[in-house]
Every structure is written in C-alpha cells, then in structure tokens.
Amino acid sequence: MHPFSAIRPPKLAVGLGMAGLVPFVTGALGLWITPDVWRERVLEELIAYAAVILAFMGAIHWGLAMRADEASDKAPVQLGLSVIPPLLGWVALSLPVNLGLPVIFVAFAALYFADIWAVRHGLAPMWYPALRKPLSIVVVVSLVLAWVAALVVH
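In what follows, the accompanying structure is described. In this text, all values refer to a predicted model and were calculated from it rather than measured experimentally.

Cut-offs and rules
Numbers given to residues run from 1 along each chain, matching the order in which its sequence is written. Confidence filtering applies because this is a predicted model: local features only for residues at pLDDT of at least 70, side-chain atom pairs given and counted only at 80 or more, and all residues used for totals across whole chains, interfaces and linings. Side-chain numbers here rest on the full set of heavy atoms in the structure, without hydrogens or water. The rule is short: rings of Phe, Tyr and Trp, with Trp giving its six-membered ring, pair when the centres are within 6.5 Å, and they are stacked under 30 degrees, edge-to-face over 60, tilted in between. Note on exposure labels: buried denotes an accessible area under 20% of the residue type's maximum, exposed denotes more than 50%, and partly exposed covers the range between, all computed with a 1.4 Å probe on protein chains only. Counting from the N terminus, the helices are the DSSP runs of H or I reaching at least four residues and the strands are the DSSP runs of E reaching at least two. Multiplying 1.5 Å by the residue count of a helix minus one yields the expected span of that helix. Where helices are involved, their axes are fitted lines through C-alpha atoms of the stretch in contact, as for all axes, and angles between N-to-C directions lie from 0 to 180°. Should an angle fall under 35 degrees it is called roughly parallel, over 145 degrees roughly antiparallel, and 65 to 115 degrees roughly perpendicular, with every other angle called oblique. Crossing handedness: left-handed means the near helix sits turned counterclockwise from the far one by under a right angle, and right-handed means the same turn made clockwise. We call two residues in contact when some of their heavy atoms are within 4.5 Å. Classes in brief: Ala, Val, Leu, Ile, Met, Phe, Trp, Tyr, Cys and Pro nonpolar; Asp, Glu, Lys and Arg charged; the others, Gly included, polar. Put simply, a salt bridge is a Lys or Arg side-chain nitrogen that is within 4 Å of an Asp or Glu carboxyl oxygen.

### Looking at the packing of aromatic side chains
- Across all of its chains, the model carries five aromatic pairs by this definition.
- Centroid distance tyrosine 112 to phenylalanine 113: 5.4 Å. Interplanar angle 75 degrees. Geometry classified as edge-to-face.
- Centroid distance tryptophan 127 to tyrosine 128: 6.0 Å. Interplanar angle 85 degrees. Geometry classified as edge-to-face.
- On the accessibility criterion, tryptophan 127 (14% relative accessible area) is buried.
- An aromatic cluster is present here, built from Phe24, Tyr49 and Phe108 joined pairwise through their rings.

Right, here's the structure in full:
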C-alpha cells in the first residue's frame, strides 16, 4: 500500500504527536495552578513553544510542495502556506499576551484547514487528518484555556 493512501497514521507519528502536546497541556493547566511569581514565565514558554511548533507545521507544507509536480498550480499555494504559520508565530511573540495567544490559536485552527486542503488535493497523505484533528483540538483548547487564564487568573 502506498503511504499516501493509508488511512491510519503511522504509530510513530501518533506517539510523537502526543508527546508534542505535553508542553501545550502542561503549560495551559500550569497557568491555572502556578504561583503568581512563575505565571509569566510559564506563559512566555508556552507562547514560544507554540510559535516553534507553528513553524514546524508550516515546514510540512514546504516539504509537500517540494514533492509536488512542478507544473502543479498547487505547489505555490503550499509554499505560501508554509511561510504564513511561522510569520504568525513571530508576530504573536511580539504582541502583548492577550493579543498574541489568539493569533496563535487561530493560526493553529487555520493550519488544520490548510492541511485538509492539502489532503483533498492529493498533496498530503490520507491519514494526515486522522493525526492532525485530535492534535489540533488539544492544541487550540489548550491555548484558549491559557488565554482565559492570562485574562482572569491573578
């Protein structure tokens, strides 16, 4: 079976994806229970990690575009999709937290739909949404919880 036609993601990808959730979940929950003296540091690290992962996720589209047929009109779209996430992460890092976190969680949500677009156009493996959907949900929920914590927890 060709890897692009498989429906289930590789076990290693699932395991690594789950491991990558640890900083999102612990960071978001940590903001609700961490003493005030540490909260700013936890928030800074969470935003920094999210920006790094946005860049990583964008790079996936770069790699997929490199595999595309040169005559394809989809490759330029994917190249564009590859640079937008890291730029949004970079912008989010320069904003106040109450604005930066929404930029990041909206970027992650939008990136999921870009991934679905890539699958529908045969540019990404069929199993990719099965991996990305649960990971994206956990990431976005974690970042929303972190944002709420940043706004209300004193």
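After that view of the structure, there is still more to cover.
### So, helix α4 (residues 97-120)
- With 24 residues, α4 extends 35 Å from end C-alpha to end C-alpha; this agrees with the ideal 34 Å at 1.5 Å per step.
- Directly after α4, the chain includes glycine 122, whose backbone phi takes a positive value near 75 degrees.

### Description of the packing of helix α3 (residues 75-94) against α4
- Where α3 contacts α4, the two axes come as close as 9 Å, and the packing angle between them is 165 degrees. In terms of orientation, α3 lies roughly antiparallel with respect to α4. For α3 against α4, the interelement crossing comes out left-handed. In this structure, α3 contributes Val77, Gln78, Leu81, Pro85, Leu88 and Ala92 to the contact, and α4 contributes Gly100, Val103, Ile104, Ala107, Leu111, Ala114, Trp117 and Ala118.
- Classifying every residue of the contact of α3 with α4 gives twelve nonpolar, two polar and no charged.

### What about the pattern of salt bridges?
- Following the criterion strictly, the structure yields three salt bridges and no others.
- Residues arginine 41 and glutamate 45 are paired through a salt bridge, measuring 3.0 Å at the closest nitrogen-oxygen approach. Of the two residues, arginine 41 and glutamate 45 are both situated in helix α2 (residues 36-67); the distance of four residues between them amounts to about one turn of the helix.
- Residue arginine 41 is classed as partly exposed on the basis of its relative accessible area of 48%.

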